[in-house]
Every structure is written in structure tokens, then in C-alpha cells.
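Observations on the model geometry
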Amino acid sequence: MNTTIRAEAPDRASFWTDHATVLRREAADGVFHGFATLHSGSFADMVRLVARMPESERANLVIEKSGDRQYNPAEIAALRTRGDFPA
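Right, let's walk through the structure included here. (Residues numbered from 1 in each chain as written. Predicted model: local features only at pLDDT ≥ 70, side-chain atom pairs only at ≥ 80, totals over all residues. Heavy atoms only, no water.)

Some remarks on the overall build of the protein
Definition in use: The helix count covers DSSP runs of H or I at least four residues long, the strand count covers runs of E at least two residues long, and both are numbered beginning at the N terminus. Accessibility here uses a 1.4 Å probe with only protein chains present; expressed as a share of the type maximum, an area under 20% marks a residue as buried, one over 50% as exposed, and anything in between as partly exposed. Areas reported here follow the Shrake-Rupley algorithm with a probe of radius 1.4 Å; residue values treat only the protein chains shown as occluding.
Helix and strand content of the protein: four helices and four strands. Going residue by residue from the N terminus, the α and β elements of the protein occur as α-β-β-α-α-β-β-α. Residues counted as buried form 37% of the 87 residues belonging to the protein. Of the roughly 5,200 Å² that the protein leaves accessible, carbon and sulfur atoms contribute 53%.

Brief notes about the sheet that holds strand S4 (residues 69-71)
Which entries qualify depends on this criterion: When DSSP finds two or more bridges between two strands, those strands count as paired. Structural elements are reduced to axes, namely lines fitted to C-alpha atoms, with helices fitted over the stretch in contact, and the angle between N-to-C directions of any two is expressed from 0 to 180 degrees. Only heavy atoms enter the contact rule, under which two residues are in contact if any of them lie within 4.5 Å.
Spatially, S2-S1-S3-S4 is the arrangement adopted by the four strands of the open sheet, whose pairing is antiparallel. Both outer strands of the open sheet, strand S2 (37-42) and S4, are each paired with one neighbouring strand and no more. Pairs of neighbouring strands in the sheet enclose a mean axial angle of 25°, with direction left out of account. Helix H2 (residues 43-52) rests against strand S1 (19-24), S2, strand S3 (61-65) and S4 of the sheet, and its axis sits at about 130° to S2. Taken strand by strand, helix H4 (residues 73-80) contacts S3 and S4, and its axis lies near 85° from that of S4.

Let's talk about the packing of aromatic side chains
As a reminder, the rule being used: Note on aromatic pairs: the rings of Phe, Tyr and Trp (six-membered ring only in Trp) are paired at centre separations within 6.5 Å, and the planes decide the class, stacked below 30 degrees, edge-to-face beyond 60, tilted for the rest. We call a charge positioned over a ring when the NZ of a Lys or the CZ of an Arg lies within 6 Å of the ring centre and within 35 degrees of the ring normal.
Enumeration over the complete set of coordinates arrives at five aromatic pairs. Taken together, the ring pairs in this structure connect Phe15, Trp16, Phe43, Tyr71 and Phe85 into an aromatic cluster. One Lys or Arg, Lys65, reaches over the ring of Phe43 and ends 5.4 Å from the middle of that ring. Lying over the aromatic face of Tyr71, Arg69 brings its terminal NZ or CZ to 4.1 Å of the ring centre.

What to know about H4
At 3.6 residues per turn, the α-helix brings residues three or four places apart onto the same side. The criterion, for reference: Note that the arc is defined by the directions from the helix axis to the C-beta atoms.
Residues of H4 that are buried: Pro73, Ile76 and Leu79. Buried residues of H4, viewed axially, fall in a sector of 120°; they line one side.

Points about the environment of Glu26
Secondary-structure assignment places Glu26 in the loop between S1 and S2. Residue classification places Glu26 among the exposed positions, given a relative accessible area of 62%. The spacing of Glu26 and Asn60 is 34 residues in sequence and 7.7 Å in space, taken between C-alpha atoms.

Here we look at the pairing of S3
With five of five residues buried, S3 lies mostly within the body of the structure. Side chains of S3 alternate between two faces, with Leu61, Ile63 and Lys65 and Val62 and Glu64 buried alike. For S1 and S3, the ladder comprises five bridges, and the chain directions are antiparallel. Each bridged residue has a counterpart across the sheet, and for Leu23 the counterpart in S3 is Val62. Where S3 lies against S4, three bridges are found, and the strand directions are antiparallel. Looking at S4, one finds that Ile63 is bridged to Tyr71.

Structure (C-alpha cells):
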């Protein structure tokens with residue numbers, strides 16, 4: 001399921017189960033960014049994965065959610081602390 005441009009989903013579960021990929025920041029906006037995918041899975045899993053990385057690694061990554069929204073390291077850290085983040 002694709003989300004809207006503002007990365008909203010019809011319900012909380014869909015927001016977290018949407019497909020997402022982890023990319024290096026410098027490759028995220030390039031023509032071949034699809035080939036630069038480091039990890040892929042549910043949005044919650046990608047947030048969990050990146051949030052556990054050392055800050056030095058996390059600083060160079062973004063999460064792209066369903067091809068319509070990119071989250072930077074600060075946003076990823078904030079998402080991990082949300083009350084509705086899946087356990």
C-alpha cells in the first residue's frame with residue numbers, strides 16, 4: 001500500500017507496516033537510487049534497524065517509505081520514541 005505524499009496512512013498499523021528501504025543519503029536522490037538500497041522491509045523494522053546503529057553510521061542514512069517520503073536521522077530517532085511505535 002502506498003501512503004500519501006505526507007506519509008499518512010489510513011490507520012496506525014498501515015503506517016508502520018508500509019514498505020520502506022534504507023539508503024545512503026548521497027544516493028537517495030540520484031537516478032539510480034533504487035540500486036543503492038542497503039536494507040528493505042517494513043517501515044517499523046527499518047526505523048528499528050537504523051535507530052540501533054551507532055550515530056556515526058546513522059548520520060549518512062535515510063529511510064524512504066513507499067517511495068514517497070524520506071526520513072532523515074533526526075526524524076528516525078523521533079519515530080522510535082513515538083507511543084504508537086510497535087514493540
